[in-house]
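# Tertiary structure, described
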Amino acid sequence: MRFTTQLLHGRFAPDAATGCVTQPLYQTSAFCQQTAEDMEKIFAGRKPGFVYTRVGNPTIAAFEQRINALEGGIGAVACASGMAAVTQAVLNVVQTGDEILASGGLYGGTSSIFRDLGSYGIGVRYAPSNEPAAFEPLITEQTKLIYVETIGNPKLDVADIQGLADVAHAHGIPLFVDNTVTTPYLCRPFALGADVVIHSTSKALNGNGNSIGGIVVSGGRFKWSAEQFPKFREFSFGPMSFVVRMRQRMVTDYGGCMAPFNAYLTGIGLDTLALRMDRICDNAKRLAEDLAGRGYVVNYPGLPGHPQHALAKAQFGGRYGAMLTLRLGTKERAFRFINSLHYALNVSNIGDARTLVIHPASTIFIHSRGEEKANAGVTDDLVRINVGLEDFEDLQEDFAQALEASKEPSPEA
Ligand SMILES: *Cc1c(COP(=O)(O)O)cnc(C)c1O
């Protein structure tokens, strides 16, 4: 079964009882069992069944199974948000005294959590570039995982997943990959050696910008030994250890579960992922080429001048995602440009059906230190663009007029 067919038919069979053709929404907190014996068996893990939505819910389970299948994992656990997925996936593994080794320029929320983990005695080191060779010298006895994003936001640097997996495995540690920006349509990190894949499902997987969610998928090749990861002492299920502990200790206990309604809505969006990504990647590449052709400084992995264009091309199958950045010389011009666009919405998220823009330095990075901004490639004149599904010609005209309009301050200003 190919990707789009799997999206539509992979896990889906019309509901046997009613013939319902969508995944039913079980909008409930709890599930009643007929007998105390049944309840005991479910709690003991001797009988499949549902008890309480924080632990499991059929709508959420169906969504988890679909993402798991698309990623080629051995199990997936849905979370309340992408941030809940990042937090719970990392805390599932590390403890006081451990270190995380990450690429620079991570999603702002993620680097913010990593900084906060310092207060629990969990350290983080950032590699100066995302070349695998830049990670190796930073691995210590304390390093318990390598954490990267497929395409940095808004730096747009590309992680060499296979190379990083080789480095991680040579040191007996797992590779975590945030695949939000690329989705399994462009990139399947497990096939390249990654061990844990994380998504914010609020973005392109949903595609319509109507619900927050996240998911953590386990690849199944890494051995979570209790000597190396004491947290798995009670969870020694071989390759399944990570995902079993993730559900039982993290999401069930810490409580960052996905809402059934969000799983339902995101599942509907997921049906059209491939169609949307084809359109979005095509629009983004054409817009990047158009803006670069007008002489502007444009960053996009799909442009031949991008330092990792060849890696991006090989790793993502000739598609390069929705995100590009544009430098306009000054913060003032960047603001005038954003204010002049008719179609692009000025919002802080990515992965909507509509084109989105933002000025990262004054928003997402407003509380970041200078060094963090520099690591993330954020300058005062930078505009981040997330291309949507609009007709390309309308985007082209709109961006062209906004570039013109932003050239000089308006006389009234
Ligand atoms: C948005 C995003 C997150 C956080 O996800 P939320 O659903 O907003 O909590 C994490 N990583 C990346 C790469 C993102 O784009």
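What counts and how
- Residues numbered from 1 in each chain as written.
- Predicted model: local features only at pLDDT ≥ 70, side-chain atom pairs only at ≥ 80, totals over all residues.
- Heavy atoms only, no water.
- Near = heavy atom within 4 Å.
- Polar contact = N/O pair within 3.5 Å; in protein donor to acceptor, adjacent residues only side chain to side chain.
- Areas by Shrake-Rupley, 256 points an atom, 1.4 Å probe, with all protein chains shown as cover.
- Nonpolar A, V, L, I, M, F, W, Y, C, P; charged D, E, K, R; others polar.
- Patch = residues over 30% accessible without salt bridge, like charges linked within 9 Å, V, L, I, M, F, W, Y side chains within 5 Å.
- Salt bridge = Lys/Arg side-chain N within 4 Å of Asp/Glu carboxyl O.
- Helix = DSSP H or I, 4+ residues; strand = E, 2+ residues; numbered from the N terminus.
- Buried < 20%, exposed > 50% of the residue type's maximum accessible area, 1.4 Å probe, protein only.
- Core = buried A, V, L, I, M, F, W, Y, C linked by side-chain atoms within 4.5 Å.
- Contact = heavy atoms within 4.5 Å.
- Phe/Tyr/Trp six-rings, centres within 6.5 Å; stacked < 30°, edge-to-face > 60°.
- Axes fitted to C-alpha atoms, helices over the stretch in contact; angles between N-to-C directions.
- Left-handed = near helix turned anticlockwise from the far one by under 90°.
- Pairing = 2+ DSSP bridges.
- Right-handed = clockwise from strand over helix to strand, strands pointing away.
- Disulfide = S-S within 2.5 Å.

## With respect to the site of the ligand
Looking at the ligand, the residues that line it are Ser81, Gly82, Met83, Tyr107, Asp178, Thr180, Ser200, Ser202, Lys203, Gly213 and Ile350. The backbone of Gly82 places a nitrogen or oxygen atom 2.8 Å from an oxygen atom of the ligand. The fraction of the free accessible surface of the ligand (380 Å²) that becomes covered by protein chains is 93%. Partitioned by chemical class, the residues of the shell around the ligand number 3 nonpolar, 6 polar and 2 charged.

## A look at a nonpolar patch on the surface
Together, Ile74, Phe237 and Met240 make up a nonpolar patch on the protein surface, roughly 240 Å² of accessible area in all. Mapped onto the fold, Phe237 is located in the loop between strand 7 (214–218) and helix 9 (241–254). By relative accessible area, Phe237 is classed as partly exposed at 44%.

## Regarding the nonpolar core
Membership of the largest hydrophobic core comes to 75 residues, with the highest contact counts inside it found for Ile146, Leu175, Phe337 and Ile385. When residues of this core are assigned to their parent elements, the largest contribution, 8 residues, is made by helix 11 (residues 273–293). Residues in contact with Leu175, not counting those within four places in the same chain, are Ile146, Val148, Ile161, Leu164, Ala165, Ala168, Ala194, Asp195 and Val196. The next biggest cluster of nonpolar side chains, apart from the first, holds 34 residues, and it includes Ile113, Ile122, Phe229 and Val251.

## Focus on the packing of aromatic side chains
Scanning the model with the defined rule gives 15 aromatic pairs in all. With a centroid separation of 6.2 Å and 15° between ring planes, the pair formed by Phe261 and Tyr264 is classed as stacked. Of this pair, Phe261 and Tyr264 both sit in helix 10 (residues 260–270), 3 residues apart, which is roughly one turn of that helix. One aromatic cluster in this structure is built from Phe114, Tyr147, Phe176, Phe222, Trp224, Phe229, Phe232 and Phe242.

## Overview of the pattern of salt bridges
Tallying each qualifying case throughout the model produces 14 salt bridges. One salt bridge in this structure joins Arg247 and Glu64, with 3.1 Å as the shortest N-O distance. Taken together, the positions of Arg247 in helix 9 and Glu64 in helix 3 (residues 58–71) put the pair 183 residues apart, joining distant regions of the chain. Residue classification places Glu64 among the buried positions, given a relative accessible area of 7%. A salt bridge links Glu393 to Arg286, with the nearest nitrogen and oxygen atoms 3.7 Å apart. Placement of Glu393 in helix 15 (residues 392–405) and of Arg286 in helix 11 is noted, with a sequence separation of 107 residues between them. Each member of the salt-bridge network shares a partner with another, and the members are Glu234, Arg249 and Asp253.

## Observations regarding the packing of helix 11 against helix 15
Contact geometry of helix 11 with helix 15 gives a least axis separation of 10 Å together with a crossing angle of 35°. As helix 11 runs across helix 15, the sense of the crossing is right-handed. On helix 15, the residues that touch Asn283, Arg286, Leu287, Asp290 and Leu291 of helix 11 are Phe392, Glu393, Leu395, Gln396, Phe399 and Leu403. For the contact of helix 11 with helix 15, the residue count by class is 6 nonpolar, 2 polar and 3 charged.

## Focus: the pairing of strand 5 (residues 175–178)
Neither face of strand 5 is exposed, since Leu175 and Val177 on one face and Phe176 and Asp178 on the opposite face are all buried. As defined by bridge partners, strand 4 (residues 143–149) adjoins strand 5 across 4 bridges and the pair is classed as parallel. Residue Val148 lies in a different strand from strand 5, and its bridge partner there is Val177. Note that the unit made of strand 4, helix 7 (residues 161–170) and strand 5 has a crossover that is right-handed. In this sheet, strand 6 (residues 196–200) lies alongside strand 5 in parallel orientation, the contact comprising 3 bridges. Residue pairing in the sheet places Val177 in a bridge with Val197 of strand 6.

## Examining the environment of Ile74
Along the polypeptide, Ile74 turns up in the loop between helix 3 and strand 1 (75–79). In this structure Ile74 comes out as partly exposed when scored by relative accessible area, which is 32%. Sequence separation between Ile74 and Arg221 is 147 residues, and the spatial gap between their C-alpha atoms is 9.2 Å. Filtering out sequence-adjacent residues up to four positions away, Ile74 remains in contact with Asn68, Ser218, Gly219, Gly220, Pro239 and Met240.

## Things to note about the sheet that holds strand 4
The mixed open sheet is built from 7 strands, whose spatial order is 1-7-6-5-4-2-3. The sheet is open, and its two borders are formed by strand 1 and strand 3 (123–127), each paired with just one other strand. When strand polarity is set aside, the average angle formed by the axes of neighbouring strands in this sheet is 20°.

## Digging into the environment of Val21
Inspection of the secondary structure puts Val21 in the loop between helix 1 (3–9) and helix 2 (36–43). For the pair Val21 and Ile268, spaced 247 residues apart in sequence, the C-alpha to C-alpha distance is 11 Å.

## Some remarks on the sheet that holds strand 9 (residues 323–327)
Strand pairing in a sheet is mediated by backbone hydrogen bonds. Such pairs are either parallel or antiparallel. If you trace the 5 strands from one edge of the open sheet to the other, you get 8-9-12-11-10, paired in mixed fashion. On the outer flanks of this sheet lie strand 8 (297–299) and strand 10 (345–346), each paired with one strand and no other. Relative to strand 12 (residues 382–386), strand 9 runs antiparallel, the two sharing 5 bridges. Looking across to strand 12, one finds that Leu324 is bridged to Ile385. Strands strand 9, strand 10, strand 11 (356–358) and strand 12 of the sheet are contacted by helix 13 (residues 331–340), whose axis makes an angle of about 30° with strand 12.

## Quick look at the state of the cysteines
Disulfide: a covalent bond connecting the sulfur atoms of a pair of cysteines. Within this structure, the stated rule accounts for 0 disulfides. Take Cys187: it sits in no disulfide, and the sulfur closest to it among the cysteines is that of Cys281, at 12 Å. Its relative accessible area of 1% is what places Cys187 among the buried residues.

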